[in-house]
Structures are given as structure tokens and as C-alpha cells.
Amino acid sequence: MNPQIGFLPIDLVIQILARLPPKSLLRFKSVCKSWYHIISSNHFIQLQFHFSSQIPQLVIQSEPNSKNLFQIDPFTNYSNLSLDFINDCVKIRASSNGILCCSSVKNKGVYYICNPITKQFSVLPKTRDRPFTRTQPFYEETLSGLAFNPISFEFTIVLAGFHRSFGRFHRNQFISNVFNSERYSWKRFQFPLFEEFTHMNQNQVVHTTCSINWLTQNCTCLLSFNFEKEIWGKISLPDEILASQNGNRVYLLEFEGLVSVIRISQGVMSTFVLKDFDQEKWELLDRVNLKCIGGFANSGLPIGQNHCFVFMAAQQKVIVYNRKNRIWKEVFSGLRSMYPLWFSAFPFKSSFFPCNL
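Note that the structure is predicted; figures quoted are calculated from it, not measured. (Residues numbered from 1 in each chain as written. Predicted model: local features only at pLDDT ≥ 70, side-chain atom pairs only at ≥ 80, totals over all residues. Heavy atoms only, no water.)

Visitor: I keep staring at the pattern of salt bridges and nothing clicks. Help me out?
Guide: Working definition: two side chains of opposite charge can pair if their charged atoms are close together. What the rule picks out here adds up to 8 salt bridges. Here R263 and E240 are joined by a salt bridge, their closest N and O atoms 2.7 Å apart. Of this pair, R263 sits in strand 19 (residues 258–265) while E240 sits in helix 6 (residues 239–243), and the two are 23 residues apart along the sequence. The class for R263 is buried, based on a relative accessible area of 9%. With a closest N to O distance of 3.6 Å, K317 and E330 form a salt bridge. Of this pair, K317 sits in strand 24 (residues 317–322) while E330 sits in strand 25 (residues 327–333), and the two are 13 residues apart along the sequence. Through salt bridges with shared partners, one network takes in R183, K187 and E230. (Salt bridge = Lys/Arg side-chain N within 4 Å of Asp/Glu carboxyl O. Helix = DSSP H or I, 4+ residues; strand = E, 2+ residues; numbered from the N terminus. Buried < 20%, exposed > 50% of the residue type's maximum accessible area, 1.4 Å probe, protein only.)

Below you can see the structure in the form of C-alpha cells.
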């Protein structure tokens, strides 16, 4: 490859391209062979993700089974994405670093891994277990999670639920099937569990470099699966949350690679970050008074965040809070759906990561 393109050094060209929107980069791959090889290289893919991941985004499925997606960021209104490259009716189950895990609506037990930016996808091999059938009305697994590694491009998927034999009630045996892309196989685990999970608990799943985490319905702990050690465990929530359960609304979010919980109580939003996973050490990040957003404080649910912004979604609107200037702004509205927006909203990061198996 030439050390420069035109009058610009190649290193400068790479730095410029890495800061451009993904849709522009897809077009620029057709400009010339040099740009195609640059944009397709692993180094560039990771560099582009480094810049794009600094801007928090959401992806919203317009209806639970629709192929139409809305990509939302704090600065522009929104852009359109689609899952029409998958020849199936699918529902988004989890999101990680620009990669989505989707389940087939028509074919139970069929799962896809896809990148809506590059329109690449792969079908996961089926597990040996019958599809989970406990959670109604969708008859799907109780929990699902995805962790995509932006360094190795490997990923882990967890599907878990209270599996039961036909005609029998479950006996508190939590069954999980874990797929690892490196070994291209599923592994089955069994864990005694007496917890319940709401639909919001299912959607708000957070992964770290070695674990996938969910919030239990009683908001006293996190259920965590360490996919490196292949063990399930629990993590207690901050003492401040446990000490005052009445009137609390607690949500699980990612905070720049760390686990975070947000509590909304008496018109105040408090954000805690898990700084030490092994010692279960939480730190208070900030407190925000929600009186200025009125009724949105009662109906809005935090969906995504970083050190600059917090997204909140309600029935038909998404607003964002700027932590630096302490200003709220509406960034999305007008979608008419029988479901609230938070029902099918997921944190998202634009990336060019491959999802080939």
C-alpha cells in the first residue's frame, strides 16, 4: 500500500476516515482499492470503534417483531437502520458493541447474531434443549445476554430460564445454555435460583470483559454469569439502595465498560458504578434532580449512559440529560406503538465488527 493517498499521508487518511459516520464509510469502500482495504482492516475497525463508542446511542425496534430500527444519539434526531437483510421475522434480544442477538419469532430456538451497520449476520447452531417455554406471553427464555469482545472479535451468548418437563411446573432449577464463538458450541449449566425477573430486567443486561449481569425483580442483587470461570453468582446492590427499598425504582445500565445501577426515588436520580467487581465495591457517580422534567420523571426509564449523557425513554419519547451542562433535551418522539419505547430499546455503538462464525 502506498505511504500516502494523493497529498495526504496514509496515517492521516486513516485518522480522518475513522471519525466519519458509518454510512459514509460504507460508501467510501467503493472509492478505490486502497480505501477498501483500509476500511476493511482489523486495525481500522478497532480505531473506528474507539471513536464511535465515545458517543452513546440507542437502537429501538419500532415494533417487537419489526425489521425497522431507529438509531438515536444525543446530537442528531435519529437515523434509520433495518434488519431486512435477515430473511426472517426477528426480535432483538441483546446488544453488545454494535452487534445484536436476535431470536426468530416463527422458529422457536433459532437465533441470529448480526451487525445492522454492515448488514452481516450468522445463524447460531441450535441447542440440544427444547426452547424455553416458561415466560408468557412470548414463550421465550427468561434471560438472554450477549458479550462481544472488540479486541478478539469473539462473543458469548447466554440463554437462561426455568426449564420444565412437559406438563410439570419448574422446581427452581435455572438452566442456562452458553454459546462461545471460539469453540462454536453450546454448553449447559444448572443453577438453583429462586428469583424472578420483569421484562425490564430482561432487557437491561450489562456485560463486562468476563461477565454478563441482570437485575433481579426485588432489586436486591445482580445475577451474574462469569463466562471465563463458567460460574453463576450474585452481587449485592449498594447499601444505600438496600437500606431504603420503599419507593425505589432501580435500573441496570452499563457505564463505559463497568456495571452501573440507577435509582430513581423521590424525584432524584442517583447513579452508582461498580468499581471493584470482586469486592462488590460501589461508588456514587452523581445525583440529578428530576423536577424539571415533570411527569417524565415518573414514566421515564434510563436506557443508556456514559460520563456525558443519560438516555431516558417513556411511552413515545426519548430525552437525554447532559451531565456537563445539566440540560435535558428531547431527541426522539412520534413513534406510535402499542408498546412503550423502553420495551424494545437497547444501548448501541456503531461498529464494523464482523459477526461471521
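Visitor: Explain the nonpolar core to me, please; I cannot follow it from the model alone.
Guide: Note on soluble globular proteins: their nonpolar side chains tend to be buried together. Grouped together as the largest cluster of nonpolar side chains are 47 residues, with contacts concentrated most on L83, L100 and I157. Ignoring anything within four residues of it in the chain, the contact list for L83 reads Q61, K67, L69, V90, I92, L100, C102, C114 and P116. I72, A297, F311 and W328 belong to the second-largest nonpolar core, a separate cluster that totals 35 residues. (Core = buried A, V, L, I, M, F, W, Y, C linked by side-chain atoms within 4.5 Å. Contact = heavy atoms within 4.5 Å.)

Visitor: Would you mind showing me how to read the sheet that holds strand 22 (residues 301–305) here?
Guide: As a general point, the strands of a sheet are linked pairwise by backbone hydrogen bonds and lie either parallel or antiparallel. Reading across from one edge, 22-23-24-25 is the order of the 4 strands in this open sheet, with antiparallel pairing throughout. The open sheet has two free edges, formed respectively by strand 22 and strand 25, since each of these has just one partner strand. Each adjacent strand pair in this sheet contributes to an overall mean axis angle of 30°, direction not counted. In the sheet, strand 23 (residues 309–313) pairs with strand 24 via 5 bridges, with the strands oriented antiparallel. Counterpart to M312 in the pairing with strand 24 is I319. (Pairing = 2+ DSSP bridges. Axes fitted to C-alpha atoms, helices over the stretch in contact; angles between N-to-C directions.)

Visitor: Help me understand helix 1 (residues 10–18), please; the structure alone is not making it clear to me.
Guide: Residues spaced three or four apart along an α-helix face the same direction, because each turn holds 3.6 residues. When helix 1 is considered as a whole, its buried residues turn out to be I10, V13, I14, L17 and A18. Along the axis of helix 1, the buried positions cluster into a sector of 130°, meaning they face one direction only. (Arc of directions from axis to C-beta.)

Visitor: Mind showing me how you'd approach the sheet that holds strand 3 (residues 57–61) here?
Guide: A sheet is described by the order of its strands in space; here 4 strands give the open sequence 5-4-3-26, paired in antiparallel fashion. Each end of this open sheet is capped by a strand with a single partner; those strands are strand 5 (79–82) and strand 26 (345–348). Sheet twist, expressed as the average angle between the axes of neighbouring strands with direction ignored, equals 30°. In the sheet, strand 3 pairs with strand 4 (residues 68–72) via 4 bridges, with the strands oriented antiparallel. Bridge pairing in strand 4 links L58 to I72.

Visitor: I would appreciate a short explanation of the pairing of strand 3 in the present structure.
Guide: Sheet faces and side chains relate simply in a regular strand, where the side chains alternate between the two faces. For strand 3, the tally of buried residues reaches 5 of 5 residues, placing the bulk of the element in the interior. Of the pairings in the sheet, the one linking strand 3 to strand 26 comprises 4 bridges and is antiparallel in character. Paired with Q57 across the strands is F348, a residue of strand 26. Where strand 3 folds back onto strand 4 in an antiparallel hairpin, the turn is made up of 6 residues.

Visitor: I would appreciate a short explanation of the environment of L8 in the present structure.
Guide: Among the secondary structure elements, L8 is positioned in strand 2 (residues 8–9). Residue class for L8 comes out partly exposed when judged on its relative accessible area of 37%. Apart from residues no more than four positions distant in its own chain, L8 is found in contact with V13 and I16.

Visitor: Is there a simple way to explain a nonpolar patch on the surface in this structure?
Guide: On the surface, L8, L12 and I16 cluster together into a nonpolar patch covering about 240 Å² of accessible area. Assignment of secondary structure puts L12 in helix 1. On the basis of relative accessibility, which here comes to 40%, the residue L12 falls in the partly exposed class. (Patch = residues over 30% accessible without salt bridge, like charges linked within 9 Å, V, L, I, M, F, W, Y side chains within 5 Å. Areas by Shrake-Rupley, 256 points an atom, 1.4 Å probe, with all protein chains shown as cover.)

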